[in-house]
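Now for the letters of each chain:
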Amino acid sequence: MRTVQISILTISALLLFVALILYLSFGAGRDETQLNLNATCKHENLTGICKSKDECVTNITSVILESCNEGDPSLVCCPLEKAPIPNSHKRTPGEKAKEMCMIYGKTANYRRAPLFPHIIGPSSGEDFICDQVKREPLRIGGDTAKEKEFPHMALIFNYDAELGKISWSCGGSIVSPEFILGAAHCPVSKHFSYAMVGTNAFKDTVELLENNTVEISDVFIHPDFNNNHDNDIALFKLSTKLKASEIPICLDTGSSISNNMMVIATGFGINERQISKGILQKVILNIVDAELCAAEYERLLQHQMHLEHTVCAYAEDTDTCQGDSGGPLQIYHSELPCMYTQIGIISYGPNCSLRTNLPGVYTKVSPYIGWIEDIVWPA
């Protein structure tokens, strides 16, 4: 009888020992399995709150929601932290510029010219009448621009209110209803500089400019611009949006330039006789091999240029000149009727009266397209 009692005690002790082991292994540290609604819980280093599974909203998909109460499986530990939502579509440089170009192209006022429409395709840009101006085949040389031929053209000037004096600064191009693209070396300052748009002529009287000018409210100089004219590019924000009739120019995103292609430069600058007509001028030039251009500048002027950021253009007996800086170097758009693509910004060159036969140097637009987009069309 005593032996039986010892066996029963031994078995009871063993059962208690096993129960203790099971508790320590599975029960200890699991207080949250008996938590109630809205109680604080913790799971996989995440702080949470006990909620109904249907009410738990979280973007942390890697966590398996665990029950707060073994007696109620629908009550789960819902994480409070929000994981960062990844940017599923990171904008690539040029993407926004292309999108806006297509939008601006829809506002262009054009009709097909009646002469040989089946021979000259739209990519030539020569078989359309653009806002009453017929596009003509490009020929090397300079000429006066027709009214509304370059609706994106702007002229930057400074105005001294005390003296009532205007000083003409540089050219520029409309790239959006709120921004002008130009050169960093131009003397432009916010609230003292203005942009004249929508006209091909200017006068030195404020009265004649009042209907065609917008104040510049902010200036964005490229942070790497220097006295060597490297990164000679700037954006000028306007105080008010332009009218729909001021159609912005499209921007080159990296594939529009080739040697010997004909390009158009526009500006209000002085000519070789140091005289300004006060009327927008256009010159047709040829793209020059960049390496040859750089070699000539280094040989004749001991000037070094960054080939990846510049483009050179030249034509005998014609060139851009003082006062043209900041204006666009452009081509006919390859797809959109009556639109232009800006490939460069007039930056510097030899004195146009010296006849050195050196090409003009232009800031290439495409390497800066991301910088432009971040300011003009921030994501």
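Numbers given to residues run from 1 along each chain, matching the order in which its sequence is written. Owing to the predicted nature of the model, reporting of local features is limited to residues with pLDDT of at least 70; listing and counting of side-chain atom pairs is limited to 80 or more, with chain, interface and lining totals taken over all residues. As a rule here, side-chain values come from all non-hydrogen atoms in the structure, and water together with hydrogens is ignored.

Cysteine sulfur pairs qualify as disulfides if the two atoms are within 2.5 Å. On inspection of all chains with the given rule, the structure shows 6 disulfides. Across the disulfide, Cys50 is cross-linked to Cys68 (sulfur-sulfur distance 2.2 Å). On the sign convention where negative is left-handed, the bridge of Cys50 and Cys68, at about -95° about the S-S bond, is left-handed. Taken together, the residues Cys50 in strand β2 (residues 46-52) and Cys68 in strand β3 (residues 67-69) connect sequence positions 18 residues apart. Classification of Cys50 as buried rests on a relative accessible area of 0%. The cut-offs for exposure are 20% and 50% of the maximum accessible area for each residue type, with area from a 1.4 Å probe on protein chains only; residues under the lower value are buried, those over the upper are exposed, and the others partly exposed. With a relative accessible area of 1%, Cys68 lands in the buried category. Disulfide partner of Cys130: Cys338, at an S-S distance of 1.9 Å. Of note, the bridge from Cys130 to Cys338 carries an S-S torsion of about -85° and is left-handed in sense. Here the residue Cys130 occupies a position in strand β6 (residues 128-130), and Cys338 occupies one in the loop between β19 (328-332) and β20 (340-348), the gap between them amounting to 208 residues. Cys130 gets classed as buried once you look at its relative accessible area, which sits at 10%. Each helix is a run of H or I in the DSSP string that is no shorter than four residues. Each strand is a run of E no shorter than two, and both are numbered from the N terminus.

Further remarks concern the nonpolar core. The term nonpolar core refers to a set of buried residues drawn from Ala, Val, Leu, Ile, Met, Phe, Trp, Tyr and Cys, joined through side-chain atoms within 4.5 Å. With 56 residues, the main nonpolar core has Val175, Ile180, Leu181, Leu235, Leu251 and Ile372 as its most contacted residues. A per-element tally of this core places strand β9 (residues 153-160) first, with 5 residues. In contact with Leu181, not counting residues within four places along its chain, are Gly172, Ser173, Val175, Ile233, Ala234, Leu235, Leu251, Gly326, Gln342, Ile345, Val365 and Ile372. Grouped together as the second largest cluster of nonpolar side chains are 14 residues, Leu285, Ile287, Val311 and Ala315 included. Contacts are residue-level and defined by heavy atoms, with any inter-residue pair within 4.5 Å sufficient.

It is worth spelling out the sheet that holds strand β13 (residues 213-221) at this point. If DSSP finds at least two bridges between two strands, the strands pair. Sheet architecture is closed into a barrel: 6 strands sit in the order β9-β10-β11-β14-β13-β12, paired in antiparallel fashion. Strand-to-strand twist in this sheet, taken as the mean axis angle between neighbours without regard to direction, amounts to 45°. Bridge count for strand β10 (residues 165-176) against strand β11 (residues 179-182) is 3 bridges, and the pairing is antiparallel. Note that in β11 the partner of Ile174 across the bridge is Ile180. Helix axes use the C-alpha atoms of the stretch in contact, all axes being lines fitted to C-alpha atoms, and the angles between their N-to-C directions lie in the range 0 to 180 degrees. Packed on one face of the sheet, helix α5 (residues 369-376) meets β10, β11, β13 and β14 (234-238) and runs near 15° to β14.

The next point concerns helix α2 (residues 95-105). Among all positions in α2, only Lys96, Ala97, Met100, Cys101, Tyr104 and Gly105 are buried. Buried residues of α2, seen end-on, are gathered within an arc of 165° and therefore sit on one face of the element. Buried residues along α2 sit against β10, β15 (250-251) and α5. The arc in question is formed by the directions pointing from the helix axis toward the C-beta atoms.

Every residue is assigned a pLDDT by the predictor, reflecting its confidence on a scale from 0 to 100. Averaged over all residues, the pLDDT of the protein equals 79, while 71% of them reach at least 70. With pLDDT under 50 throughout, residues 83-88 is counted as low confidence; its partners more than four residues away or in other chains account for 3 contacts. For residues 115-125, every residue scores under 50 in pLDDT, and the model assigns this stretch 14 contacts once sequence neighbours within four places are set aside.

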